[in-house]
Amino acid sequence: MGTKWFTLPCDNRLIQLLGTLNGGQSFRWKRVDSSEGQQWLGVFAAKLWLLQQQNDSILYKVYEPQVQSEQAYNALLRNYLRLDVDLEEQYAKWGARDPHFQEAAKQFYGIRILRQDVTENLFSFICSQNNHISRISSLVEKLAQFYGEKICELDGATYYSFPQAEKLAADGVEAKLRANGFGYRAKYISHSAKAIAERGSKQWLEQLQELDYAAAKKKLVGLMGIGAKVADCICLMSLGHLQAIPVDTHIYQIAARFYMPKLVQQKTVTEKVYNEIGDHFRELYGPLAGWAHTVLFCADLKQFQQGAKEPKRKKRKAS
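Okay, so let's go over this structure. All of these numbers come straight from a predicted model, not from anything done at the bench. (Residues numbered from 1 in each chain as written. Predicted model: local features only at pLDDT ≥ 70, side-chain atom pairs only at ≥ 80, totals over all residues. Heavy atoms only, no water.)

What follows concerns helix 13 (residues 249-259). Taken residue by residue, helix 13 has Ile251, Tyr252, Ile254, Ala255, Ala256 and Tyr259 as its buried positions. Structurally, helix 13 contributes buried residues whose contacts are with helix 4 (99-107), helix 14 (271-285) and helix 15 (289-300). You can read the cap of helix 13 off the contacts: a side-chain oxygen lies 3.1 Å from the backbone nitrogen of His250, and it is on Asp248. (Buried < 20%, exposed > 50% of the residue type's maximum accessible area, 1.4 Å probe, protein only. Helix = DSSP H or I, 4+ residues; strand = E, 2+ residues; numbered from the N terminus. Contact = heavy atoms within 4.5 Å. Polar contact = N/O pair within 3.5 Å; in protein donor to acceptor, adjacent residues only side chain to side chain.)

Here the focus is the nonpolar core. Counting 77 residues, the largest nonpolar core has Leu122, Phe123, Leu220, Ile277, Phe281 and Tyr285 as its most contacted members. Those residues in contact with Phe281, other than ones at most four positions away along the chain, are Ile245, Ile251, Ala255, Tyr259, Gly286, Ala289 and Leu296. In this structure, Phe6, Cys10, Trp40 and Tyr60 belong to the second largest nonpolar core, which totals 21 residues. (Core = buried A, V, L, I, M, F, W, Y, C linked by side-chain atoms within 4.5 Å.)

A few words on the pairing of strand 3 (residues 37-44). Looking along a regular strand, one sees side chains alternate from face to face of the sheet. Of all eight residues that make up strand 3, six are buried, and the element is covered over most of its length. Connecting strand 2 (residues 29-34) to the next strand, strand 3, in antiparallel fashion are two residues. Looking at chain direction, strand 3 and strand 4 (residues 47-53) are connected through six bridges and run antiparallel. For Leu41, the partnering residue across the bridge sits in strand 4 and is Leu50. Once strand 3 ends, the chain turns through two residues before running back antiparallel as strand 4, passing Ala45 with a positive phi of about 55°. (Pairing = 2+ DSSP bridges.)

What follows covers the sheet that holds strand 2. Strand order in the open sheet formed by five strands is 1-5-4-3-2, with antiparallel pairing between adjacent strands. In this open sheet, the two strands that pair with only one neighbour each are strand 1 (6-9) and strand 2. Strand-to-strand, the axes of this sheet are offset by a mean angle of 30°, without reference to chain direction. Sheet analysis places strand 4 next to strand 5 (residues 57-63), joined by six bridges and oriented antiparallel. Residue Leu50 lies in a different strand from strand 5, and its bridge partner there is Lys61. Sheet strands in contact with helix 2 (residues 70-80) are strand 1, strand 2, strand 3, strand 4 and strand 5, and its direction is about 45° off that of strand 1. (Axes fitted to C-alpha atoms, helices over the stretch in contact; angles between N-to-C directions.)

The next subject is the pattern of salt bridges. Throughout the structure, instances matching the rule amount to 15 salt bridges. Between Lys167 and Glu149 there is a salt bridge, and its shortest N-O distance comes to 3.1 Å. Of this pair, Lys167 sits in helix 7 (residues 165-168) while Glu149 sits in the loop between helix 6 (133-147) and strand 6 (150-154), and the two are 18 residues apart along the sequence. Lys167 gets classed as partly exposed once you look at its relative accessible area, which sits at 36%. Where Glu276 meets Lys272, a salt bridge forms, and the shortest distance between an N and an O atom there is 2.7 Å. A residue pair is termed a helical-turn pair when its members lie 3 or 4 positions apart in one helix, as Glu276 and Lys272 do in helix 14 at four residues. (Salt bridge = Lys/Arg side-chain N within 4 Å of Asp/Glu carboxyl O.)

Under the counting rule described, the total for this entry stands at 18 aromatic pairs. With a centroid separation of 6.3 Å and 40° between ring planes, the pair formed by Trp29 and Tyr80 is classed as tilted. Taken together, the residues Trp29 in strand 2 and Tyr80 in helix 2 connect sequence positions 51 residues apart. We note that Trp29, like Tyr80, is buried. Where Phe146 meets Tyr147, the ring centres are 6.1 Å apart and the plane angle is 85°; that geometry is what we call edge-to-face. (Phe/Tyr/Trp six-rings, centres within 6.5 Å; stacked < 30°, edge-to-face > 60°.)

A word on the pairing of strand 4. The buried count for strand 4 comes to six of seven residues, which makes it a mostly enclosed element. Hairpin connection between strand 4 and strand 5: a loop of three residues separates the two successive antiparallel strands.

This is the structure:
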């Protein structure tokens, strides 16, 4: 279990694990600084993964009771990281349209939108309200520990999968979460879980992928604790609506500073202003606007100001 290193071929210019895994998309990853270099330990697809970036590949281990083939794991990881998208082509398009993006891309190359499980993504972003990344991660981990299934133990820690909505809809969940530091979010989690379970649980959530962006977002904001921003996070990160633009304080400030100077006069982000910001970026960047916006978001996070560096390009042999 997890003793063998597997290899996923992938040029390091096309994927940056630091910004992708630690940029506020998923809250199940943590950086591990080992003697072998920087590694990332996290959970997705009900498995524990250890990733390490190389120049031309991602080395990884998988911890689960029944080991699968490298081919099967590679398919899961490629899908999760959306390696099917030609990111060099997209960055070139976005940079040609926007000098500010072009500048941000020098450090924040290879930022990918993770293809996440919709249940985990939804409840993670309910936890995100008025919160910071480290505390969100703690709350999400508690949901997994309390209601998920055990995956394995590693170095004295136990790892769990994220629970389905019906587990979070059970009696007593709200009280237990309140007793464990969730505050008002406990009510949102309990009520939304019950509503989702009544509508068909994960099947209902996955059906939102088949709706257009506006219709999917409208369904999501009908759940307790989900407003426009959280709905857009879910649309972007787990429903495949890559034009969704979650507008938070970072994006509002970026828009006011570089794109829409009239916003400086606004004291609050009204629904009208929220939609105007989203529409501006969609017009600027096109159908993958939410992806481009995520690069700008990472560039604005303080934790990354000294973080990523442009990768060394391979020397080409003279022909």
